[in-house]
Amino acid sequence: MRETFFTDGSDIYVKVRHAGDAILELLSGGQWTIAPVIQQLSAQIEFDSPGGLARRWYPLGRGGHVVLDPLVCFGRPVVVGRGVATANVYDLFRAEYERVEAVRAWWDLTDSEVEAAVKFERQLAA
């Protein structure tokens, strides 16, 4: 049996590989968790090294161009490194008849940044 320990910043988990993958939350009386959900969240959250607190959340993954950072745009979802709110990108996308090139030119974004912002906002609306 092989065990891997990891954290989501506040709780400690152990991944047990015996008959498939299972995750057990430690310090909670041994509650079993939904392994894929915990693994996905731990990959999306960037933690502050000194205190171990969550610093940034990348809801589409670290390469997904969308981040929530309390120090940027009051924590609203923005395009990574641009500070442009995804809601603003999406509103312009809809106003421009869903033309990525028009939004890209207006905000000076790449196609993938526009598409990520639109994808994120559509997921919120669903």
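Reading guide: rules and limits
Residues numbered from 1 in each chain as written. Predicted model: local features only at pLDDT ≥ 70, side-chain atom pairs only at ≥ 80, totals over all residues. Heavy atoms only, no water. Buried < 20%, exposed > 50% of the residue type's maximum accessible area, 1.4 Å probe, protein only. Helix = DSSP H or I, 4+ residues; strand = E, 2+ residues; numbered from the N terminus. Arc of directions from axis to C-beta. Contact = heavy atoms within 4.5 Å.

## Remarks on helix α2 (residues 86-95)
Then comes step 1: The set of residues buried in α2 consists of T86, V89, Y90, L92 and F93. Buried positions in α2, seen along its axis, are confined to an arc of 165° and lie on one side of it.
Then comes step 2: Elements in contact with the buried residues of α2: β7 (66-68), β8 (77-79), α3 (100-107) and α4 (111-125).
Then comes step 3: Backbone geometry just downstream of α2 places Y97 in the positive-phi region, at approximately 55°.

## Overview of α3
Then comes step 1: All of the buried residues in α3 are V100, A102 and V103. Viewed along the axis of α3, the buried residues span an arc of 160°, placing them on a single side of the element.
Then comes step 2: Tucked into the core, α3 has its buried residues touching α2 and α4.
Then comes step 3: The first or second residue beyond α3 is D108, which carries a positive phi of 60°.

Worth remembering: the numbers are spatial, not functional.
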